[in-house]
Amino acid sequence: MMPREQHSMGPSRPLTGAEKVGVLLLALGKERASGLLKKFNPEELNIIVRSTEVMPTISASELEGIVEEFEGQLGLGTPFVGRPEDVKRLVTDVISENKSTSDADDAFVTRQDVWGRFGALPDDVVHGFLKTQSPQIAAYYLDRLGSERASSILKSFSPAERNELMNRILSLGQVAPQIVEALETSLHEELFDNDRRSSDKHVTMAGILNNMDKEESADVLRYLASIKPKDAEAIRKMLFKFEDLVKLSAKAMTVLMDGVPVERTVIALQGANVELQGKVLAALSPRARRMAEAELQSPANVAARDITDARRAIVDSVLRLSAEGAIEVPSQAD
């Protein structure tokens, strides 16, 4: 038995119940603590983790005071130092490995759904997706698809790529559960989280088309409609010119102009028609409106490029707010 510390200072304050639980779990070790933590509910686990933010470091002698009935067992081996960061790491590690039954069931259903949906995709879609992945990850995905399906998809790769993937599939070992879960999450986000992923791309594409000539943007939309009609329709609804501000509701205009500097508004309105100027000015606060009107009555010599940039920035704000659901943008048909 190691000699006890003779001059322990003791904790700076009495430990809370949650802190004592954390110390005991740490003393038990990860393997034993894992079984106990399965019996805690999520709120109790959160309490233990939060307690580590203010928990003092605990020495071996202080631990013995907490668990007198186990003094003989806990006094063996190297001196014990219960650091709060170790408690937090222990609980976090075990939570990641042993989620509550309901969470595990939900995650299992989600994972099965991801692999089922992935397997239902056409070969060309799967091939295109795998080409964007590293060879090792692509090999894992192919392995999960099964031999018959993997064989079909591998035909689309070049001989060199096919040979490398086959070698990596052959060398695949046991993949850690945490890595599998991360890959499944990535698969879901990249292929099936269409609402978020597609919305971001639609905003980007609409911004590009808004800056093109009318004929050019029409050509691009016709091409997109021939290969991705749903995406083309979504983008078409987001096409918006500076002049289209007159179509926005008064509420949408107020939300929009609240985030636009007055200086930018004044520059953008240079040369705009009276109707559009009135629509924009009506959405400003009284003070901002007075400032803008005074500037517009004595227009400065503003470069055409600056006017274009100011208008483009406002249109980008419209698209962003529309994508966030903060305002509604009338469709082109409306």
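About the cut-offs
- Residues numbered from 1 in each chain as written.
- Predicted model: local features only at pLDDT ≥ 70, side-chain atom pairs only at ≥ 80, totals over all residues.
- Heavy atoms only, no water.
- Axes fitted to C-alpha atoms, helices over the stretch in contact; angles between N-to-C directions.
- Helix = DSSP H or I, 4+ residues; strand = E, 2+ residues; numbered from the N terminus.
- Parallel < 35°, antiparallel > 145°, perpendicular 65-115°, else oblique.
- Contact = heavy atoms within 4.5 Å.
- Nonpolar A, V, L, I, M, F, W, Y, C, P; charged D, E, K, R; others polar.
- Polar contact = N/O pair within 3.5 Å; in protein donor to acceptor, adjacent residues only side chain to side chain.
- Buried < 20%, exposed > 50% of the residue type's maximum accessible area, 1.4 Å probe, protein only.
- Arc of directions from axis to C-beta.
- Core = buried A, V, L, I, M, F, W, Y, C linked by side-chain atoms within 4.5 Å.
- Salt bridge = Lys/Arg side-chain N within 4 Å of Asp/Glu carboxyl O.
- Phe/Tyr/Trp six-rings, centres within 6.5 Å; stacked < 30°, edge-to-face > 60°.

1. Things to note about the packing of helix H8 (residues 123-131) against helix H10 (residues 147-154)
Next up, step 1: The contact between H8 and H10 brings their axes to 9 Å, and the two run at 75°. Judged on the interaxial angle alone, H10 and H8 are roughly perpendicular. Residue-level contacts link Asp123, Val126, His127 and Leu130 of H8 to Arg149, Ser152 and Ile153 of H10.
Next up, step 2: Residue classes in the contact of H8 with H10 are distributed as three nonpolar, two polar and two charged.

2. Considerations on the side chain of Glu184
Next up, step 1: Position of Glu184 relative to the elements: it lies in helix H12 (residues 177-192).
Next up, step 2: At 2.8 Å, the side chain of Glu184 forms a polar contact with the side chain of Trp115.

3. Observations regarding helix H16 (residues 250-258)
One full turn of an α-helix is made of 3.6 residues, so residues set three or four places apart face in the same direction.
Next up, step 1: Along H16, the positions that sit buried rather than exposed are Ala252, Met253, Leu256 and Met257. The buried residues of H16 all sit within an arc of 125° when viewed along its axis, so they share a single face. Those residues of H16 that are exposed and angled more than 90 degrees off the buried face are Ala250, Lys251 and Asp258.

4. Describing the nonpolar core
Next up, step 1: By size, the foremost hydrophobic cluster in this structure holds 38 residues, and its most contacted members are Leu245, Leu248 and Leu256.
Next up, step 2: Residue assignment for this core shows that the elements contributing at least two residues are helix H13 (194-210), helix H14 (214-227), helix H15 (229-238), H16, helix H17 (262-268), helix H18 (274-282), helix H19 (286-297) and helix H20 (304-324).
Next up, step 3: Here the element with the most residues in this core is H20; it accounts for six residues.
Next up, step 4: Among all residues touching Leu248, those that are not within four sequence positions of it are Phe240, Met253, Leu256, Lys279, Val318, Glu328, Val329 and Pro330.
Next up, step 5: Within the second largest apolar cluster, 23 residues are counted, among which are Ala139, Tyr140, Leu142 and Leu165.

5. Observations regarding H8
Next up, step 1: Along H8, the positions that sit buried rather than exposed are Val126, His127, Phe129 and Leu130. The buried residues of H8 all sit within an arc of 165° when viewed along its axis, so they share a single face.

6. So, the pattern of salt bridges
Next up, step 1: Tallied over the entire structure, the rule returns ten salt bridges.
Next up, step 2: Arg236 is the salt-bridge partner of Glu233, the closest N and O atoms lying 3.7 Å from each other. Of the two residues, Glu233 and Arg236 both sit in helix H15, three residues apart, roughly one turn of that helix.
Next up, step 3: Ionic pairing is found between Lys247 and Asp244, a salt bridge with its closest N-O pair at 3.4 Å.
Next up, step 4: You can call Lys247 partly exposed: its relative accessible area is 40%.
Next up, step 5: Overall, Asp244 belongs to the buried group, its relative accessible area being 13%.
Next up, step 6: Shared partners join several salt bridges into a network, and the residues in it are Arg305, Asp309 and Arg312.

7. Digging into the packing of aromatic side chains
Next up, step 1: For the structure on display, the rule yields seven aromatic pairs.
Next up, step 2: Ring-pair connections join several aromatic residues into one group, and the members of that group are Trp115, Phe118, Phe129, Tyr140 and Tyr141.

8. Structural notes on the environment of Val21
Next up, step 1: With respect to the secondary-structure elements, Val21 resides in helix H1 (residues 17-28).
Next up, step 2: In this structure, the C-alpha to C-alpha distance between Val21 and Ile48, residues 27 residues apart in sequence, is 7.4 Å.

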